[in-house]
Amino acid sequence: GSRLPKHDLRIASYGTVDELSAVIGLLLTEELAPSLADSLQSIQNDLFDVGADLCVPGEAGQKLRLTPKYTAALESLIDAANADLEPLNSFILPGGTRASAWLHLARTVCRRAERIACELAEREPDAVNMEVIHYLNRLSDLFFVLGRMANDGGRGDVLWKPGGGKHGDAS
């Protein structure tokens, strides 16, 4: 019910969540397994709940608040996805398939949304539902795992080679 400047942390937090939803929308234009597309559409819907939660601070927004059930659903998806992945022995670079690249972009936007929400929670501790921060943290992990799945279960991951760039040996 109040007006805030466009650069306010609260607006930046739910604006970044909206940006994340748009990245997922682009990802959904790729050919994806139906179960993955369904999960992403469900997450996209959840992100509107996240935005609504962030939009209305404290007691004023009690009608729609994220609950631990949202985060638990992500945990289940992470566990299921991790079960089929190749072991990870190196850092990986975003890339491989187009879907994997989009998932890594979603991961980075999600991490930014989490950082902004954390800063907002530090500034206004009683006005931010901490479950939003837990959800965003686990969601970024899910995007990482799904990015590996989109690279043939991790077999097509692009591995980081320390000093392996063209300028790695520059003196």
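Everything that follows concerns the structure shown earlier in this document.
The structure presented is a predicted model; accordingly, all values stated were derived computationally and were not measured. (Residues numbered from 1 in each chain as written. Predicted model: local features only at pLDDT ≥ 70, side-chain atom pairs only at ≥ 80, totals over all residues. Heavy atoms only, no water.)

A. Spatial organisation of the packing of aromatic side chains. Evaluated as defined, the whole model comprises two aromatic pairs. Aromatic pair Y70 and Y135: ring centres 6.3 Å apart, planes at 85°, arrangement edge-to-face. Placement of the pair is Y70 in helix α3 (residues 68-82) and Y135 in helix α5 (residues 130-149), with a sequence separation of 65 residues. Owing to a relative accessible area of 0%, Y135 belongs among the buried residues under this scheme. (Phe/Tyr/Trp six-rings, centres within 6.5 Å; stacked < 30°, edge-to-face > 60°. Helix = DSSP H or I, 4+ residues; strand = E, 2+ residues; numbered from the N terminus. Buried < 20%, exposed > 50% of the residue type's maximum accessible area, 1.4 Å probe, protein only.)

B. The arrangement of the packing of helix α2 (residues 34-55) against α5 in detail. Running from amino to carboxyl end, α2 crosses α5 at an angle of 155°, the nearest separation of the two axes being 11 Å. The angle between the axes of α2 and α5 places the two elements in the roughly antiparallel class. For the pair α2 and α5, the sense of crossing is left-handed. Residues L36, L40, I43, D46, L47, V50, D53 and L54 of α2 form the contact with α5, whose own contacting residues are V132, Y135, L136, L139, L142, F143 and L146. For the contact of α2 with α5, the class distribution of residues is 13 nonpolar, no polar and two charged. (Axes fitted to C-alpha atoms, helices over the stretch in contact; angles between N-to-C directions. Parallel < 35°, antiparallel > 145°, perpendicular 65-115°, else oblique. Left-handed = near helix turned anticlockwise from the far one by under 90°. Contact = heavy atoms within 4.5 Å. Nonpolar A, V, L, I, M, F, W, Y, C, P; charged D, E, K, R; others polar.)

C. Broad picture of the pattern of salt bridges. The full count for this structure, using the stated rule, is twelve salt bridges. Linking R98 and E30 is a salt bridge whose minimum nitrogen-to-oxygen distance equals 2.9 Å. Of the two residues, R98 sits in helix α4 (residues 98-123) while E30 sits in the loop between α1 (9-27) and α2, which places them 68 residues apart along the sequence. Judged by its relative accessible area of 57%, R98 falls in the exposed class. For E30, a relative accessible area of 16% corresponds to the buried category. Within this structure, E75, R111, E114, R138 and D141 form a network of salt bridges that share partners. (Salt bridge = Lys/Arg side-chain N within 4 Å of Asp/Glu carboxyl O.)

D. Broad picture of a nonpolar patch on the surface. Judged by side-chain polarity, F91, L93, V158 and W160 come together as a nonpolar surface patch covering roughly 380 Å² of accessible area. Its place among the elements puts F91 in the loop between α3 and β1 (92-93). Of the residues examined, F91 reaches a relative accessible area of 61% and is grouped as exposed. (Patch = residues over 30% accessible without salt bridge, like charges linked within 9 Å, V, L, I, M, F, W, Y side chains within 5 Å. Areas by Shrake-Rupley, 256 points an atom, 1.4 Å probe, with all protein chains shown as cover.)

E. Focus on the nonpolar core. If you look at the biggest cluster of nonpolar residues, it comprises 40 residues, and the most contacted ones within it are L20, I43, L47, Y135, L136, L139 and F143. For this core, the secondary structure elements donating two or more residues are α1, α2, α3, α4 and α5. Here this core gets ten residues from one element, more than from any other, and that element is α4. With sequence-adjacent residues up to four places away left out, Y135 is seen in contact with I43, D46, L47, V50, L66, Y70, T71 and L74. (Core = buried A, V, L, I, M, F, W, Y, C linked by side-chain atoms within 4.5 Å.)

F. Representation of the environment of C55 in the model. Take C55: it is sitting in helix α2. Given the relative accessible area of 35%, C55 is considered partly exposed. C55 sits 48 residues away from L103 along the chain, and the two C-alpha atoms are 25 Å apart.

G. The arrangement of the side chain of T16 in detail. For T16, the location among the structural elements is in helix α1. Of the residues examined, T16 reaches a relative accessible area of 6% and is grouped as buried. Residues contacting T16, with those up to four places away along its chain left out, are V109, R112, A113 and I116.

Shape descriptors only; they carry no functional weight alone.
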